[in-house]
Amino acid sequence: MSQEIGREIKVRIKRFSREKGSWWQEYPVKVDKYTQMTEVLKRIKEEQDPTLAYRASCHMSVCGSCGMKINGAPKLACRTIALDEVSRTGSNTIEVEPMDGYEVLKDLVVDLDDFYERMYKVTPRLKPSQEVLEGKAQHRLTPEDQSRLWKFAQCIWCGLCVSACPAVKTDEQFLGPAAHAKGYRFLSDPRDTISNERAKVLIDSAWRCTYCYMCYEVCPRDIEPVEAIKLTRTFTDKFGPTGEASKLGERHSKAVEESIAESGMLQGGKVYLKTYGLVNSLISMMELMKDGKATKLIMEKQKKVKGLDELKKLLGERQ
Ligand code: SF4
Ligand code: SF4
Ligand code: FES
């Protein structure tokens, strides 16, 4: 990676104001190998254009306020070195836009009210027992539990994962990745006393994630919200399904497991039938018949799977 001292780059910023609407504006900025994108924006605002609006505070990936899109990807500006972007893309121009999925208030500043509402829906704090509150009992976490929960407690509420999440945009009942990471952190804390209430809020929503892993890709704290969602789904066994999505999800998981135990393969037709029921399966079959895909599905021959007995033994041991 070549990083020159004092190189001039161009920064193209997507501006917005209620009065003028949206437009792109370009600024030349001199940077060195240490210049963060927050510093770039600060220099533009102080030296060239005081009307530019953006958020940043700590400049060290702690406060979570500088989320934006840099060269098309959701990132923390303070964690992004300008010349690294130039080397990565091979272009001397860096494009900066507000995060997707939020209403833009001005330039790079977005409205995070909806994000905070989602976070508060999962009660993002521990509810200890009365004895602990009165100082009559200890409030200790084992080192094992501490290391298991540590990752999910590192969220800085930056909103990047929600900005990248396709499920949030299409499903109003999905809480989103950050709220799930936070919710799981307390749902699985043995010291917490409101697991039932948490389960009611979290379980059905967890089955609405599409497992696209975008939240995993963009999180600057390596929290892996999708992992929290997978783990929350496992609580369905304990608390039961709490809505339509979790009922469907539970049926689907069981159908997949039964199919593999029976044949060593995923038998698409059978799994679909067990998941969605006869009526819905017939409707879908008629849709498939219209474009000729049904015949292919019906004619598909099941191949014999080698080592099926061994697989059945393994599945039996797991249960
Ligand atoms: S894995 Fe789930 S939570 Fe994460 S971005 Fe995709 S749909 Fe959203
Ligand atoms: S989970 Fe990661 S990306 Fe999402 S809000 Fe928290 S720190 Fe930001
Ligand atoms: S300025 Fe605080 S996280 Fe970037």
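Just so it is clear, the structure is predicted and the values come from calculations on it, not from any experiment.

**Quick notes on the domain arrangement of the chain**
Domain annotation for the chain reports domain 1 (7–110), domain 2 (113–241) and domain 3 (245–301). One C-alpha centre belongs to domain 1, the other to domain 2, and the line joining them spans 30 Å. Tallying the contact residues gives 12 residues for domain 1 and 12 residues for domain 2.

**Examining the site of ligand 1**
Around ligand 1 there are 15 residues in total, and Cys165, Ala167, Cys209, Cys212 and Cys215 lie nearest to it. Among the elements of the structure, helix H7 (166–170), helix H10 (214–218) and helix H11 (225–233) are those that each provide at least two residues to the shell around ligand 1. Counting residues per element, the shell around ligand 1 draws most heavily on H11, at 3 residues. A class-by-class count of the residues in the shell around ligand 1 yields 14 nonpolar, 1 polar and no charged.

**Topic: the nonpolar core**
Ala77, Ala82, Cys161, Cys165 and Cys215 are the most contacted members of the largest nonpolar core, which totals 62 residues. The biggest single contributor to this core is helix H8 (residues 177–187), with 6 residues. Taken together, domain 1 (7–110) and domain 2 (113–241) each give at least three residues to this core, which thus spans both. Setting aside residues up to four positions removed in sequence, Cys215 forms contacts with Cys161, Ala164, Cys165, Pro177, Pro225 and Val226.

Reading guide: rules and limits
- Residue indices follow the written sequence of each chain, beginning from 1 at its first position.
- Going through the entries in the order they are written, you letter the chains from A and number the ligands from 1.
- In keeping with the model being predicted, local features are shown solely for residues with a pLDDT of at least 70 and side-chain atom pairs are shown and tallied solely at 80 or more, while totals for entire chains, interfaces and linings include all residues.
- Bear in mind that the domain bounds are from an automatic or database domain assignment.
- Once C-beta atoms are placed from the backbone, any two residues with those atoms within 7 Å are in contact.
- Placing a C-beta atom from the backbone of each residue, we mark the residue near a molecule or strand if the atom is within 6 Å of it.
- Strands here mean DSSP runs of E at least two residues long; helices mean DSSP runs of H or I at least four residues long; both are numbered from the N terminus.
- Polar here means any residue other than Ala, Val, Leu, Ile, Met, Phe, Trp, Tyr, Cys and Pro, which are nonpolar, and Asp, Glu, Lys and Arg, which are charged; Gly is therefore polar.
- Put simply, a nonpolar core is a cluster of buried Ala, Val, Leu, Ile, Met, Phe, Trp, Tyr and Cys residues tied together by C-beta atoms within 7 Å.
- Any residue with 12 or fewer other C-beta atoms within 10 Å of its own C-beta is exposed, any with 20 or more is buried, and the rest are partly exposed; the C-beta atoms used are placed from the backbone.

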